[in-house]
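Breakdown of the fold
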Amino acid sequence: MHQSFLHRPVLLNQSLDHLAVQPGGNYLDGTLGGGGHGRKILEASSPDGKLIGLDRDPEALAAARENLSIFGDRVLFFERNFSELADIMADISFDIHGVLLDLGVSSPQIDRPERGFSFQGDGPLDMRMGNSSLTAQEIINEYQPAELKRIFWEYGQEKFSGRIARAIVQAREKDRITTTGHLAEIIKSTRPEMPTKTLSRIFQAIRIEVNDELGSLKKGLQAAVDILASGGRLVVLTYHSLEDGMVKGLFRQAADPCTCPRHLPYCGCGKKPIIKIITRKPVLPDDDEICQNPRARSAHLRTAEKL
Ligand SMILES: C[S@@+](CC[C@H](N)C(=O)[O-])C[C@H]1O[C@@H](n2cnc3c(N)ncnc32)[C@H](O)[C@@H]1O
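Residues numbered from 1 in each chain as written. Predicted model: local features only at pLDDT ≥ 70, side-chain atom pairs only at ≥ 80, totals over all residues. Heavy atoms only, no water.

This next bit is on the side chain of T279. Looking at where T279 falls in the secondary structure, it is placed in the loop between β6 (275–277) and α13 (287–292). Among the polar contacts made by the side chain of T279, one reaches the main-chain amide nitrogen of T303 at a distance of 2.8 Å. Residues contacting T279, with those up to four places away along its chain left out, are H18, L301, R302 and T303. (Helix = DSSP H or I, 4+ residues; strand = E, 2+ residues; numbered from the N terminus. Polar contact = N/O pair within 3.5 Å; in protein donor to acceptor, adjacent residues only side chain to side chain. Contact = heavy atoms within 4.5 Å.)

In structure tokens form, the structure reads like this:
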């Protein structure tokens, strides 16, 4: 096990059950991380099933290469964004029987202050998962006040978005804001008792903007449905309501794409369902899992099957 990449996979058994992994099947993990889910997929698809593993984070991919090395050429690694799935698959000739997307950040990303994701340690304001150019520092120091307020509100659903945006703009007039610690202090200064939830929401909002997480998800979900073989499963684990809402909405639309007015007695648009929804309600972690791994508490798992 790669010693500096410790991440406990969330809803592990449930993900495997929902993927319906078969010996000899081919699977794609779009968020490989340290390879926690990937390892189980490889074990369940033994002896010759294949795994295509993507991650946009080079550190995660290096850990996964080490952790999955015993599976040899059964794993193909790509340092790519899952929004580029269609391009990646253009060069791969075998059928894909299941796709897993375990969204968000891994524990090592959050826990290392030098990655700049967390308000708990002090580090550079970075928050990039991969090698994109936009950093949290640019957003905090260069976005217009209204833009800051919008991302805090839209991506963090934080009701004090305006007040926090104003405090940031005032502070940056004195000094450029370059560290997570400095940003956390500014946010804390806006209320006498600052709940941790607010800090989490603001940091989450900045992270979503830095990594264009919702834009990637929209493209990735569509491409995942497209590349699946008939009967293949798409399993998505989300960690906040914006992601979960997007997955739910896309599943609904792909399961019922008819755009005819409801009062028409028959369908005239001819659009056919391309998936069947397996999870009417999301699967959630039980108390035991949340107790052992508090980061699992917001996880929602949804599954669809390609028709
Ligand atoms: C929750 S972790 C996955 C952990 C993994 N399932 C495991 O068990 O080790 C999410 C991973 O997805 C990666 N990631 C997030 N968004 C991505 C995207 N759009 N494209 C590729 N990788 C992404 C992150 O870098 C992170 O390593």
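On we go.
What follows concerns the site of the ligand. Near the ligand there are 25 residues, and of these H37, D55, F82, D102 and Q109 occur at the shortest range. Backbone polar atom of G35 to an oxygen atom of the ligand: 3.4 Å apart, as the coordinates give it. The contact in question runs from a nitrogen atom of the ligand to an N or O atom on the side chain of H37, over 2.8 Å. For the shell around the ligand, the per-class residue count stands at seven nonpolar, 13 polar and five charged. (Near = heavy atom within 4 Å. Nonpolar A, V, L, I, M, F, W, Y, C, P; charged D, E, K, R; others polar.)

Look at the link from S46 to P47: it is a cis peptide, with omega at 5°. For P47, the position within the fold is in the loop between α2 (36–44) and β2 (50–54). Although it is not a glycine, L11 sits at a positive phi angle of roughly 45°. Along the chain, L11 turns up in the segment before α1 (12–19). Looking at L11, the relative accessible area reads 0%, which means it is buried. (Buried < 20%, exposed > 50% of the residue type's maximum accessible area, 1.4 Å probe, protein only.)

Formed by 33 residues in total, the largest nonpolar core has its most connected members in I140, L148, F152, I168, L183 and I206. For this core, the secondary structure elements donating two or more residues are α6 (136–142), α7 (145–156), α8 (161–174), α9 (180–188) and α10 (196–210). Looking at this core element by element, the count peaks at seven residues for α10. When neighbours within four sequence positions are excluded, I168 is seen to be in contact with I140, L148, F152, I177, L183 and I186. Among the nonpolar cores identified, the runner-up in size contains 28 residues, and I88, V99, L217 and A304 belong to it. (Core = buried A, V, L, I, M, F, W, Y, C linked by side-chain atoms within 4.5 Å.)

This next bit is on the sheet that holds strand β3 (residues 75–78). The sheet built from seven strands is open, its strands ordered β3-β2-β1-β4-β5-β7-β6 with mixed pairing. Of all strands in the sheet, those with a lone pairing partner are β3 and β6, marking the two edges. Between one strand axis and the next, the sheet turns by 15° as a mean value, whatever way the strands run. Examined bridge by bridge, strand β1 (residues 26–29) and β2 share four bridges and lie parallel to one another. For Y27, the partnering residue across the bridge sits in β2 and is L51. Strands in contact with helix α3 (residues 58–67) are β2 and β3; relative to β3, the strand with the most contacts, it is inclined by about 165°. (Pairing = 2+ DSSP bridges. Axes fitted to C-alpha atoms, helices over the stretch in contact; angles between N-to-C directions.)

Taking 1.5 Å per residue as the helical rise, α10 with its 15 residues ought to reach 21 Å, and the 21 Å between its terminal C-alpha atoms agrees with that figure. Among the residues of α10, those classed as buried are T198, L199, I202, F203, A205, I206, R207, I208, E209 and V210. In this fold, the buried residues of α10 make contact with α6, α7, α8, α9, α11 (213–227) and α12 (241–255). Following α10 by one or two positions, D212 has its phi on the positive side, about 45°. (Expected span 1.5 Å × (residues − 1).)

Bringing the packing of α1 against α2 into the picture now. Across the interface, α1 lies against α2 with an axial gap of 10 Å and an inter-helix angle of 45°. In terms of axis orientation, α1 runs oblique to α2. The handedness of the crossing between α1 and α2 is right-handed. Mapping the contact onto sequence places L12, S15, L16 and L19 in α1 and G36, H37, K40, I41 and A44 in α2. Looking at the contact of α1 with α2, its residues break down into five nonpolar, three polar and one charged. (Parallel < 35°, antiparallel > 145°, perpendicular 65-115°, else oblique. Left-handed = near helix turned anticlockwise from the far one by under 90°.)

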